[in-house]
Amino acid sequence: MFKKITAALFFSIVFTSFAWASDGEVAQRFGEKLREQSQTIRTIRCEFTQVRHMSVLAGDARSSGRFYYQREGNICLEFDRPAGDMIVMNGERFKIVTDGRRNVVSMNSNPMLKQLKNMLTACMTGDIKLLEAGSEVTYQETPQGYRLTICPSNRKARNQVSAIVLTFDKGDMSLVTLRMEEPSGDYTEYTFTKKIFNSTVDDSVFDI
């Protein structure tokens, strides 16, 4: 009997936390808070960890580094582990450096890259319309923050990533985690910590 009561209380708490407002109300509240906060943000610097889960491997692959953002829409992930690896999104181009090999492609040539760039830019600028463009978005609110599940509408994009899950801190509305889930069940998850807002970020960080 005690276990049944405990379970009932648990599900009651979960239901209260997630379902006390409609998805539309949560989306509106999230959008208003994100736009208000993002208006004060020019740059972001922080640390990140990346976890790559693949079902064919015994353990997850982990790496870390620094994340940079400029309001102009420039984004950079600079890896410490493995050293020298880098991902840069600058305007309409995407650069990735892996094991010393540099590859630059147009965002427009890859629907998933374009969607990822739009999503990250929307997270930083508060442009919810950009976040929702070409996607189905589900909003949830918790005492700690917001959780968004984004499913690409584009078939080619869905073949690469079936869903993108974002969590935001309710205090400063900054991105806490970004998880890209693949149709196979594999995923890549980024966690962002030690954020510094509006510090000087050298333009060369975003060179492509």
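### Some points on the overall build of the protein chain
Inference 1: Within the protein chain, the regular secondary structure consists of 5 helices and 11 strands.
Inference 2: The burial tally for the protein chain puts 40% of its 208 residues in the buried class.
Inference 3: Look at the contacts in the protein chain between residues 6 or more apart in sequence, and 45% of them connect residues 24 or more apart.
Inference 4: In the form shown here, the protein chain has an accessible surface area of approximately 11,600 Å², with 53% of it arising from carbon and sulfur atoms.

### Points about the side chain of Gln50
Inference 1: Turning to its location among the elements, Gln50 is positioned in strand β1 (residues 43–53).
Inference 2: Residue Gln50 is classed as buried on the basis of its relative accessible area, which comes to 14%.
Inference 3: Among the polar contacts made by the side chain of Gln50, one reaches the side chain of Tyr190 at a distance of 2.8 Å.
Inference 4: Setting aside residues up to four positions removed in sequence, Gln50 forms contacts with Ala61, Arg62, Ser63, Phe79, Thr188, Glu189 and Tyr190.

### Quick look at the sheet that holds strand β8 (residues 145–152)
Inference 1: On the basis of which strands lie adjacent, the open sheet formed by 11 strands has the order β6-β5-β4-β3-β2-β1-β11-β10-β9-β8-β7 and antiparallel pairing. Single-partner strands in this sheet number two, and they are β6 (101–106) and β7 (135–141). Shown here is a sheet whose adjacent strand axes are inclined to one another by a mean of 15 degrees, direction ignored.
Inference 2: Bridge count for strand β3 (residues 74–81) against strand β4 (residues 86–90) is 4 bridges, and the pairing is antiparallel. Opposite Glu78, over in β4, you have Met86 as the bridge partner.
Inference 3: Strand contacts of helix α2 (residues 23–38): β7, β8 and β9 (163–169), with the helix running at about 85 degrees to β7, the strand carrying the most contacts.

### Brief notes about the environment of Glu132
Inference 1: Note on placement: Glu132 falls in helix α4 (residues 128–132).
Inference 2: For Glu132, a relative accessible area of 32% puts it in the partly exposed group.
Inference 3: For the pair formed by Glu132 and Pro152, sequence separation is 20 residues and the distance between their alpha carbons is 9.2 Å.
Inference 4: Excluding residues that lie within four positions of it along the chain, Glu132 makes contacts with Val137 and Tyr139.

### Regarding the pairing of β9
Inference 1: With 6 of 7 residues buried, β9 lies mostly within the body of the structure.
Inference 2: Sheet topology places β8 next to β9; 6 bridges connect them, and they run antiparallel. By the bridge assignment, Thr149 is partnered in β9 with Val165.
Inference 3: Across 6 bridges, β9 lies against strand β10 (residues 175–181) in antiparallel orientation. Within the sheet, the bridge partner assigned to Leu166 lies in β10 and is Leu178.
Inference 4: Between the antiparallel neighbours β9 and β10 lie 5 residues, among them Met173 with a positive phi of about 60 degrees.

### Considerations on the pattern of salt bridges
Any two side chains of opposite charge can pair, given that their charged atoms come close.
Inference 1: Overall, the coordinates contain 8 salt bridges when judged by the stated rule.
Inference 2: In this structure, Glu141 and Arg29 form a salt bridge, with 2.8 Å as the shortest nitrogen-oxygen distance. Pair noted here: Glu141 is in strand β7 and Arg29 is in helix α2, with a separation of 112 residues, a long-range link.
Inference 3: By relative accessible area, which is 6% here, Glu141 ends up buried.
Inference 4: Given the relative accessible area of 23%, Arg29 is considered partly exposed.
Inference 5: Between Glu189 and Arg179 there is a salt bridge, with its nearest N and O atoms 3.5 Å apart. Of this pair, Glu189 sits in strand β11 (residues 187–197) while Arg179 sits in strand β10, and the two are 10 residues apart along the sequence.
Inference 6: The network of salt bridges with shared partners includes Arg29, Glu141 and Lys170.

### A short note on the confidence of the model for the protein chain
Inference 1: Looking at the protein chain, the pLDDT average stands at 81 and 88% of residues meet or exceed 70.
Inference 2: Within the protein chain, no element has a lower average pLDDT than helix α1 (residues 2–19), which sits at 31, and none a higher one than β11, at 95.
Inference 3: In the predicted structure, residues 1–21 sits below a pLDDT of 50 and forms 11 contacts with residues beyond four places in sequence or in another chain.

What counts and what doesn't
- Residues numbered from 1 in each chain as written.
- Predicted model: local features only at pLDDT ≥ 70, side-chain atom pairs only at ≥ 80, totals over all residues.
- Heavy atoms only, no water.
- Helix = DSSP H or I, 4+ residues; strand = E, 2+ residues; numbered from the N terminus.
- Buried < 20%, exposed > 50% of the residue type's maximum accessible area, 1.4 Å probe, protein only.
- Contact = heavy atoms within 4.5 Å.
- Areas by Shrake-Rupley, 256 points an atom, 1.4 Å probe, with all protein chains shown as cover.
- Polar contact = N/O pair within 3.5 Å; in protein donor to acceptor, adjacent residues only side chain to side chain.
- Pairing = 2+ DSSP bridges.
- Axes fitted to C-alpha atoms, helices over the stretch in contact; angles between N-to-C directions.
- Salt bridge = Lys/Arg side-chain N within 4 Å of Asp/Glu carboxyl O.
- pLDDT = per-residue confidence, 0-100.

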